[in-house]
Amino acid sequence: MRHEMRKGDVSFPCELCPRRCGRRPGFCGAGDSLRVFRWGPHFGEEPPLTGTRGSGCVFFSRCTMKCLYCQNSPWSWKGEGVDRTVPELTAIFRELAVKDRVENWNLVSPTPYLPFIREAVHPLLKEGIRLPFVWNSSGYERVETLEAYRDLCDWALFDLRYSRGETAEAASSAPGYVEASRAAVRWAWERLGSRAAGTGGLIVRVLVLPGHADEAIENLAWLATELSNEVPVSVMSQYTPAYKAVETPPFDRGVTEEEYESVAEAAADFGFENGWVQGFGAADPKLALLGENMPVGRGVVR
């Protein structure tokens, strides 16, 4: 799979994500122009990504999923942001690498815009300006797309959000999520593995959801038995009810300490040692990490 773009013509029949809409805009709403909500050094990612200078996040508008509890709804659901030309995106990547001297280029929900991104980084790579790429994703990906854009994936920061299809459809309108995300994680483990800090590899985020801690445990079990307990996992307690979740049980409440501890204990029982477990109570809607509080444009997140 390779999407060739002619100047002024990016109206390709889009099949980048598992939905394979065959048109633009499709389900996600991304059209024929590139839209960016925010960019800048981010110090809230996992330690190998943040390093000492921060991860150079670029938050792209639109998303292939529609999570009821999305903390980034202004740009993921509603499409807020600013349309950018490919040269403008090149300038953003240059600024992050040369001025900010970040550790990596962190592509947040990049899938609808992969052809634009590849074109934007091309002149920088020719100049010898290159940072590791972080493909920061819900995990709802096509393996064919990952293979086609392998050059944009040094780090795979993928979620395993659900272990049951009915939950994925009800909470994120994501048919086939379980199969797609597990295939994506398997691909990343086989292609990238767990490399030395700073060079790349796979990190799997496991966000514990209220009423669905058992699915987080089931995903940890799948990782341990089907791949390896050497996979770096990031167990997260930071769930905060947001957007449509505030009126949709059980997503209208936080995760209980009992729920979270059951997942943290399971991670230990399965032998996961290469990763991170957030302390309980990391959720705080007042934090700048909550996307609903982020303004559009350049900014640092600490």
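Just so we're clear, the structure is a prediction, and the values are computed from it rather than from any experiment. Counting of residues starts from 1 at the beginning of each chain's written sequence and follows it residue by residue. Owing to the predicted nature of the model, reporting of local features is limited to residues with pLDDT of at least 70; listing and counting of side-chain atom pairs is limited to 80 or more, with chain, interface and lining totals taken over all residues. Hydrogen atoms and water are omitted, and side-chain values are computed over all heavy atoms in the structure.

Q: Help me get a handle on the pairing of strand β5 (residues 133-137), residues and values and all.
A: Note on classification: 1.4 Å probe, protein chains only; a residue is buried when its accessible area is under 20% of the maximum for its type, exposed when over 50%, partly exposed between these limits. Only DSSP runs of H or I covering at least 4 residues are called helices, and only runs of E covering at least 2 are called strands; the numbering of each starts at the N terminus. Within β5, 5 of the 5 residues are buried, which leaves it mostly tucked inside the rest of the structure. With burial as the criterion, each face of β5 is covered, one bearing Phe133, Trp135 and Ser137 and the other bearing Val134 and Asn136. With 4 bridges joining them, strand β4 (residues 105-108) and β5 adopt parallel strand pairing. Bridge pairing in β5 places Trp105 opposite Phe133. The crossover handedness rule: strands pointing away from the viewer, path from first strand over the helix to second strand clockwise, crossover right-handed. As for the winding sense of the linkage, the β-α-β connection from β4 through helix α4 (residues 114-126) to β5 is right-handed. For two strands to be treated as a pair, DSSP must find at least two bridges joining them.

Q: Tell me about a negative patch on the surface, residues and numbers included.
A: A surface patch of like charges, here negative, comprises Glu257, Glu261, Glu265 and Asp269. Topologically, Glu265 is positioned in helix α9 (residues 257-269). For Glu265, a relative accessible area of 49% gives the class partly exposed. Candidate patch residues must exceed 30% relative accessible area and have no salt bridge, after which like charges are joined if within 9 Å and Val, Leu, Ile, Met, Phe, Trp or Tyr side chains if within 5 Å. Using a 1.4 Å probe, the Shrake-Rupley method yields the accessible areas, and only the shown protein chains count as cover for residues. The term salt bridge refers to a pairing of a side-chain nitrogen on Lys or Arg with a carboxyl oxygen on Asp or Glu at a separation within 4 Å. Charged residues are defined narrowly, with Lys and Arg counted positive, Asp and Glu counted negative, and His plus the chain ends left uncounted. One atom stands in for each charge, and that atom is NZ of Lys, CZ of Arg, CG of Asp or CD of Glu.

Q: Give me the lowdown on the side chain of Ser61, citing residues and values where you can.
A: Among the secondary structure elements, Ser61 is positioned in the loop between β2 (55-60) and α2 (73-76). For Ser61, a relative accessible area of 0% puts it in the buried group. From its side chain, Ser61 meets the backbone oxygen of Glu80 in a polar contact 2.6 Å long. Should any heavy atoms of two residues lie within 4.5 Å, those residues are considered in contact. Residue contacts for Ser61: discarding those within four places in its chain leaves Arg35, Val36, Phe37, Trp75, Gly79, Glu80, Gly81 and Tyr113. Polar contacts, as used here, are pairs of N or O atoms within 3.5 Å; protein pairs need one atom able to donate a hydrogen and one able to accept it. Residues neighboring in sequence count only if both atoms are side-chain atoms.

Q: Give a description of the packing of helix α8 (residues 213-227) against α9 that names residues and reports values.
A: Close contact between α8 and α9 brings their axes to 9 Å; oriented N to C, the two are set at 10 degrees. It follows that α8 is roughly parallel to α9 by the angle criterion. Contacts between α8 and α9 involve Ala213, Ala216, Ile217 and Leu220 from the first element and Glu259, Ser262, Val263, Ala266 and Ala267 from the second. Amino acids outside the nonpolar list (Ala, Val, Leu, Ile, Met, Phe, Trp, Tyr, Cys, Pro) and the charged list (Asp, Glu, Lys, Arg) are all regarded as polar, and Gly is one of them. When the residues that make up the contact of α8 with α9 are grouped by side-chain class, the tally is 7 nonpolar, 1 polar and 1 charged. Axis definition: a line fitted to C-alpha atoms, over the contacting stretch in the case of helices. Angles run 0 to 180 degrees between N-to-C directions. Angle categories: roughly parallel below 35 degrees, roughly antiparallel above 145, roughly perpendicular from 65 to 115, and oblique for all the rest.

Q: So what's going on with helix α7 (residues 177-191)? Residues and values would help.
A: The first and last C-alpha atoms of α7 sit 21 Å apart over 15 residues, in line with the 21 Å expected at 1.5 Å per residue. Every buried residue of α7 is accounted for by Tyr177, Val178, Ala180, Ser181, Arg182, Ala184, Val185, Trp187, Ala188 and Trp189. Check the buried side of α7 and you find it contacts α5 (143-148), β6 (155-159), α6 (165-172), β7 (201-207) and α8. Looking one or two residues past α7, Gly193 carries a phi angle of roughly 60 degrees, positive in sign. Here the expected length of a helix is defined as 1.5 Å per residue gap, with one fewer gap than residues.

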